[in-house]
Amino acid sequence: QVHLVESRGGLVQAGGSLRLSCAASGTIFSFNVMGWYRQAPGKQRELVASITADRTNYADSVKDRFTISRDNAKNMVYLQMNSLKPEDTAVYYCTINVLGVPYWGQGTQVTVSS
């Protein structure tokens, strides 16, 4: 019932910024946890950031550099990435949990050059 589509990522120089967006179809409520995961080559998929109605959570590796936000009226979730590092290179996936069921976007490639 829920379909997620991420914006296209891109190639960014270290220290640069990039904003990812994710559009969700279906009925999204503020209490539905939304977030961003990423998977780097040879690595496990990891949680980058999550957001509820009033709280955010970040992986230590991105804290103070990334900002997650959401617009429930538009069924959108965003990830503002600043001060990007080569180790941020990964495929980024947006996600939402609805009634205990996770839904995933198709993934978008973010590459940070060194």
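Quick caveat: nothing in here was measured; it's all calculated off a predicted structure.

Undergrad: Help me out: how do you make sense of the sheet that holds strand E8 (residues 76-81) in this one?
TA: Strands pair in a sheet through their backbones, by hydrogen bonds, and they do so in one of two ways: parallel or antiparallel. In spatial order, the strands read E1-E3-E8-E7; together these four strands make up an open sheet with antiparallel pairing. One side of each edge strand has no neighbouring strand; the edge strands of this open sheet are strand E1 (3-6) and strand E7 (66-71). Here the strands of the sheet are splayed against their neighbours by 15° on average, with no regard to which way each runs. Relative to E8, strand E3 (residues 18-25) is paired through six bridges, and the arrangement is antiparallel. Its bridge partner being in E8, Cys-22 is matched across the sheet by Val-77.

Undergrad: Explain the state of the cysteines to me, please; I cannot follow it from the model alone.
TA: One way to say it: the disulfide is the covalent bond shared by the sulfur atoms of two cysteines. Following the criterion strictly, the structure yields one disulfide and no others. Covalently, Cys-22 is tied to Cys-94 through a disulfide, its sulfur atoms 2.0 Å apart. Judged by the sign of its S-S torsion, about 45°, the bond between Cys-22 and Cys-94 is right-handed. Linking Cys-22 in strand E3 with Cys-94 in strand E9 (residues 90-98), this pair joins segments that are 72 residues apart in sequence. According to the relative accessible area criterion, Cys-94 is buried, its value standing at 0%.

About the thresholds
Residues numbered from 1 in each chain as written. Predicted model: local features only at pLDDT ≥ 70, side-chain atom pairs only at ≥ 80, totals over all residues. Heavy atoms only, no water. Pairing = 2+ DSSP bridges. Helix = DSSP H or I, 4+ residues; strand = E, 2+ residues; numbered from the N terminus. Axes fitted to C-alpha atoms, helices over the stretch in contact; angles between N-to-C directions. Disulfide = S-S within 2.5 Å. Buried < 20%, exposed > 50% of the residue type's maximum accessible area, 1.4 Å probe, protein only.

All quantities given are derived from atomic positions and should not be read as evidence of function.
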